[in-house]
Amino acid sequence: MSGAALKDPRNSNVHSASDERIKDSTRALYQAEPLLWEKEQCDHSGTDWKIPDSYKCRTGLKERAEIGLPQVSEPEVMRHFVRLSTWNYSIDSGFFPLGSCTMKHNPRLNEKLARLPGFAHIHPLQPEETVQGALELMYELQSWIAELTGLPGVCLTPAAGAHGELAGMMTIKRAHVLNRETQRKYVLVPDSAHGTNPATAVMCGYETRIIDTKETGRVSVEAFKEALYKTDETGADIAGMMVTNPNTCGLFERDIQELSKLLHKAGGYFYCDGANFNALVGKIRPSDFGVDVMHLNLHKTFSTPHGGGGPGSGPICVTEELLPYVPRPLVIKEGDSYRLEGDTERETSLGRLKGFQGQFGMHVRALSYMMSHGKDGLRKVSEDAVLHANYILSQLKDDYHVPFEGPCMHECLLTDKRQKDGEVTTMDIAKTLVENGMHPMTVYFPLVVSGAMLIEPTETESKENIDRFITVMKQIAEDTKAGDTDKFHNFPVSAPRRRLDEVKAARQPKLKWTDDKATGNH
Ligand SMILES: *Cc1c(COP(=O)(O)O)cnc(C)c1O
């Protein structure tokens, strides 16, 4: 693999000897970067020379040292943060096939529109008559979302996918409570669900009932009925189900209409986790397969920046029946003018979940994306997203184990089953991708598939990049077959950091720097 033979300049201890520091930190223009606190010299500041022992300090440096502020100059601070910023990997730096995350390109047109002074410089406390354009934009976005999903009640305020789930499940709960259906205490969730689904149900005070999907990767009618009627033969204790379609295995739930019919007959509501809407947008409307409530991730399907690039935005959309219960404020059109709902209007509403009106900057970007693509363009988005994932699947299916038969939707699922015999695991494969300059796919998720690798290339990736990814993946499979596997356990060797103790990092996170240079315990 390329890069494998390089001596890694980044892992040597560049801070211990000053000669070494100069040599290594400039190597290949790579700037190794310690913490600011590690860089500082305690007895001088900025660009000053070291203070002679006999000199009495007039500048208060001693006092500053005592409260632990790093003593570095402005240029040093600038370099510190600029160097750190070069360590970020983003969709703008390379291939980012993180499954279930839709890391697509963020069109710069959206950025340009969001920076228009009339959008960028307004304040949420301005009188409504001075922000009519912004309110009209939000109203327009509500209408586009309603059209694309077939769900007419749109609330834009949730600030992330998980926040949308909370808003959606609270809407369902509010409906049940106001309809005196408080005996409904279970929410059905497939075992492959994103962790936020059961977590949300529990936060809303429900118990989850898990539907087993291990055999086929999909929810079967039999397994569903078993869960639905488990403790009541009419399902009268079921509040609803939370399902994502396509699901987290990248598969379309073929029986979804049958499932939603059974659920509705029992009086439950269908919450669809819409994070995977990129596979459907412009092609089918979720309301047509029985969805009652759904959140959309504007930062996934509708290309607004995420993963450190911008705040999320997770609007929800609901049926006419559930509209009375959604959070405030909706954007209302009266004649030719627009306004936000007041805090005492619509008494059936569950209330407010977010300050002001939600992530307005993301609303601008998402509507810009929708309008610049149009009806045919959005359809092409999902078609290309599905095509790209199936291209990868078709190229790698002879090299990697494919747990579930048939074509996939916008992401494909492979496992390390064939490579594990050669002791090369999903983690090794992910780290080899890092060594080759690519962000890994989603690993070990969904949890129900051992050694899962969930790959979502998205429609914005070029064939050349997808082919490069396929070449690396094929090379890994080939080398593993040939028994040439030792290197895989050491990758990455050229990254700023090598293998971290991920379990320890998760269990015992060190969130605070302690000045304990003697023990090396920073
Ligand atoms: C991303 C995602 C979510 C959560 O969205 P956030 O914006 O990260 O809170 C929920 N479900 C699925 C399937 C997802 O992929």
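See the structure printed just above.
Trainee: Teacher, can you tell me more about the environment of Tyr369 here?
Mentor: Positionally, Tyr369 belongs in helix α12 (residues 360-396). Spatially, the C-alpha atom of Tyr369 lies 8.2 Å from that of Leu109, the residues being 260 residues apart in sequence.

Trainee: It is not clear to me how the site of the ligand should be interpreted in this structure. Could you clarify?
Mentor: Every residue near the ligand is listed here: Ser100, Ala160, Gly161, Ala162, Glu165, His194, Thr196, Asp273, Ala275, Asn297, His299 and Lys300. One of the backbone nitrogen or oxygen atoms of Ala162 is found 2.8 Å away from an oxygen atom of the ligand. Side-chain polar atom of His299 to an oxygen atom of the ligand: 2.7 Å apart, as the coordinates give it. Its free accessible area being 380 Å², the ligand has 85% of it covered by the protein chains. If you tally residues by element for the shell around the ligand, the top one is helix α8 (residues 161-178), at three residues. The residue makeup of the shell around the ligand, split by class, is three nonpolar, six polar and three charged.

Trainee: Can you walk me through the layout of surface pockets in this structure?
Mentor: Here the idea is plain: a probe the size of a water molecule rolls over the atoms and shows the empty space left. By volume, the largest pocket amounts to about 900 Å³. Elements that contribute at least two residues to the lining of the largest pocket include exactly α14 (426-435) and β11 (442-443). Broken down by element, the lining of the largest pocket gets its largest block of residues, five residues, from α14. Classifying every residue of the lining of the largest pocket by side-chain character gives 15 nonpolar, seven polar and six charged.

Trainee: Hey, could you run me through empty space enclosed by the protein in this one?
Mentor: For the structure on display, the rule yields two cavities of 30 Å³ or more. In this structure, the largest cavity spans a volume of roughly 60 Å³. Considering the residues around the largest cavity, the lining is formed by Cys249, Leu251, Leu393, Val402, Phe404, Gly406, Pro407, Cys408 and Leu413. For the lining of the largest cavity, the per-class residue count stands at eight nonpolar, one polar and no charged. In this structure, the second largest cavity encloses a volume near 40 Å³. In terms of lining residues, the second largest cavity is bounded by Pro190, Ser192, Ala193, Val243, Thr244, Asn247, Thr248 and Glu253.

Trainee: I tried to follow the packing of helix α10 (residues 221-228) against helix α11 (residues 256-265) on my own but got confused; where do I start?
Mentor: Taken N-terminus to C-terminus, the directions of α10 and α11 make an angle of 15°; their axes are 10 Å apart at the nearest point. Judged by the angle between their axes, α10 and α11 are roughly parallel. Classified by chirality, the crossing of α11 by α10 is right-handed. Across the interface between the two elements, Val221, Phe224, Lys225 and Leu228 from α10 touch Glu258, Leu259, Leu262 and Leu263 from α11. Taken together, the residues of the contact of α10 with α11 break down into six nonpolar, no polar and two charged.

Reading the values: rules and limits
- Residues numbered from 1 in each chain as written.
- Predicted model: local features only at pLDDT ≥ 70, side-chain atom pairs only at ≥ 80, totals over all residues.
- Heavy atoms only, no water.
- Helix = DSSP H or I, 4+ residues; strand = E, 2+ residues; numbered from the N terminus.
- Near = heavy atom within 4 Å.
- Polar contact = N/O pair within 3.5 Å; in protein donor to acceptor, adjacent residues only side chain to side chain.
- Areas by Shrake-Rupley, 256 points an atom, 1.4 Å probe, with all protein chains shown as cover.
- Nonpolar A, V, L, I, M, F, W, Y, C, P; charged D, E, K, R; others polar.
- 1 Å grid on protein atoms, 1.4 Å probe; cavity = no way out; pocket = protein on both sides within 12 Å on 5 of 7 lines; lining within 4 Å.
- Points joined across faces, edges and corners; volume = space filled by probe spheres on them.
- Axes fitted to C-alpha atoms, helices over the stretch in contact; angles between N-to-C directions.
- Parallel < 35°, antiparallel > 145°, perpendicular 65-115°, else oblique.
- Left-handed = near helix turned anticlockwise from the far one by under 90°.
- Contact = heavy atoms within 4.5 Å.

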